[in-house]
Amino acid sequence: MLRTPYYLIDRAKLARNLEIIDRVRKESGAKALLALKCFATWSVFDQMREHMDGTTSSSLYEVHLGHEKFGGETHAYSVAYGDDEIDEVVSYADKIIFNSISQLERYSDAAKDIVRGLRLNPQISSSSFDLADPARPFSRLGEWDVARIETVMDRISGFMIHNNCENEDFDLFDNMLSQIEERFGTLLERVEWVSLGGGIHFTGENYPVDRFCARLKAFSEKFGVQVYLEPGEAAITNSTTLEVTVLDTLNNGKDLAIVDSSIEAHMLDLLIYREKAKIAPNEGEHLVTICGKSCLAGDIFGEFRFPEPVKVGDRISIQDAAGYTMVKKNWFNGVRMPAIAIRELDGTVRTVREFGYEDYRASLS
Ligand SMILES: Cc1ncc(COP(=O)(O)O)c(C=O)c1O
């Protein structure tokens, strides 16, 4: 048994998502780029690159990693590049998407040898969650003034639009795309490619994949563009668990169990978005609150059901722990960083990375 905590990536579960991505690529003609901001654990890129066309990035380091470890098409995007990084970014990328007209103007020359694009902000929201809504009022994420964009059309050949956020609702996606067609049609007709970004949960249960493919194909044909998708979460959903061990139990009015991990350090997004972790099957008569071991009072994974009382030494699997977890893990409280392990297709489990005190020390000086 491996020492906990560790993230466990299951290649068979990953394969299920990748199969759907392949189907979407085939039936819609869209290309799929892994969004490294969500998942960048390169030990499974060998499997992913068989079913995806490349990567997209949010920074110099991500585009470097995509180029070095994934290959295929490498898209560069960042909310803002600095003068000291643009040449290196361009050296790794086949396409660069600028977030603003001013960045496009500033770096047009530096990026003249690769394909250039601009981020469009359609000002249409799929989410009422302000924190993660790129189309929120006064958003800095992309340009929306058609007249201003017209002035730089000679410098770009495509657009990136990312306005979906955990969107499981095909009709909502369809409706928003129709609004985009309506509002930006005159611009879309003049480009060769359009990336529709991430945030579309097309690998989720019961998602109407056929309708999704048909819609993408129709969009692509209407404007004569190559469509790109940038799945992060959809590529890795439900592929990974965070394996933890119970260190202590107590009852302070409720049964509590403290585990050798921390939601703040190892599954930070749950805390940011105030969501509960998932445990399967979450059934039984014993209701126990699973707590992290950091000093944060609210370091709590959630309240779950177990068939037996939870005791010290028990192992617990926190489900769906691939997206926005390993890329955000941190050394808060010096809590031991989870190792990374892979369950291979033949069922064997292999540790690919362990972290120790030296890594903690090296993260500061
Ligand atoms: C530009 C862009 N592309 C792709 C993604 C990936 O989104 P998701 O992981 O929800 O699919 C994001 C997420 O924020 C993004 O900002």
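Whatever comes next refers back to the structure up there.
Below is a short write-up of the structure. (Residues numbered from 1 in each chain as written. Predicted model: local features only at pLDDT ≥ 70, side-chain atom pairs only at ≥ 80, totals over all residues. Heavy atoms only, no water.)

**Here we look at the pattern of salt bridges**
So, point 1. In the structure shown here, the tally under the stated rule is 23 salt bridges.
So, point 2. The closest approach of N and O atoms between Arg-106 and Asp-83, which form a salt bridge, is 2.9 Å. Here Arg-106 is found in helix α5 (residues 101-107), whereas its partner Asp-83 is found in the loop between β4 (73-78) and α4 (86-92), with 23 residues between them in sequence.
So, point 3. The residue Arg-148 makes a salt bridge to Glu-143 at a minimum N-O spacing of 3.3 Å.
So, point 4. On the basis of relative accessibility, which here comes to 13%, the residue Glu-143 falls in the buried class.
So, point 5. When salt bridges with common partners are traced through the structure, they connect Arg-11, Asp-46, Glu-344 and Arg-350 into a single cluster. (Salt bridge = Lys/Arg side-chain N within 4 Å of Asp/Glu carboxyl O. Helix = DSSP H or I, 4+ residues; strand = E, 2+ residues; numbered from the N terminus. Buried < 20%, exposed > 50% of the residue type's maximum accessible area, 1.4 Å probe, protein only.)

**A look at the environment of Asp-87**
So, point 1. With respect to the element layout, Asp-87 can be found in helix α4.
So, point 2. By relative accessible area, Asp-87 is classed as exposed at 56%.
So, point 3. Along the primary structure Asp-87 and Leu-60 are separated by 27 residues, whereas in three dimensions their C-alpha atoms are 9.9 Å apart.

**Things to note about the pairing of strand β9 (residues 226-229)**
Regular strands place their side chains on alternate faces of the sheet.
So, point 1. Pairing analysis gives 2 bridges linking strand β2 (residues 31-35) to β9, with the strands arranged parallel. Bridge pairing in β9 places Ala-32 opposite Leu-229.
So, point 2. Note: strand β8 (residues 193-195) against β9, 3 bridges, orientation parallel. Each residue of the ladder has a partner; that of Val-194, found in β9, is Val-227.
So, point 3. Handedness of the crossover is the feature at issue here: the chain leaves β8, passes through helix α8 (residues 209-223), returns alongside β9, and the resulting connection is right-handed. (Pairing = 2+ DSSP bridges. Right-handed = clockwise from strand over helix to strand, strands pointing away.)

**A look at the site of the ligand**
So, point 1. Within the structure, the ligand sits among Ala-35, Lys-37, Cys-38, Met-160, His-162, Gly-198, Gly-199, Glu-230, Gly-232, Glu-233 and Tyr-324.
So, point 2. In the environment of the ligand, an oxygen atom lies 3.4 Å from a nitrogen or oxygen atom belonging to the side chain of His-162.
So, point 3. Contact distances for the ligand include 3.0 Å between an oxygen atom and a backbone N or O atom of Gly-232.
So, point 4. Bound to the protein, the ligand loses 86% of the 400 Å² it would expose on its own.
So, point 5. Broken down by class, the residue content of the shell around the ligand amounts to 4 nonpolar, 4 polar and 3 charged. (Near = heavy atom within 4 Å. Polar contact = N/O pair within 3.5 Å; in protein donor to acceptor, adjacent residues only side chain to side chain. Areas by Shrake-Rupley, 256 points an atom, 1.4 Å probe, with all protein chains shown as cover. Nonpolar A, V, L, I, M, F, W, Y, C, P; charged D, E, K, R; others polar.)

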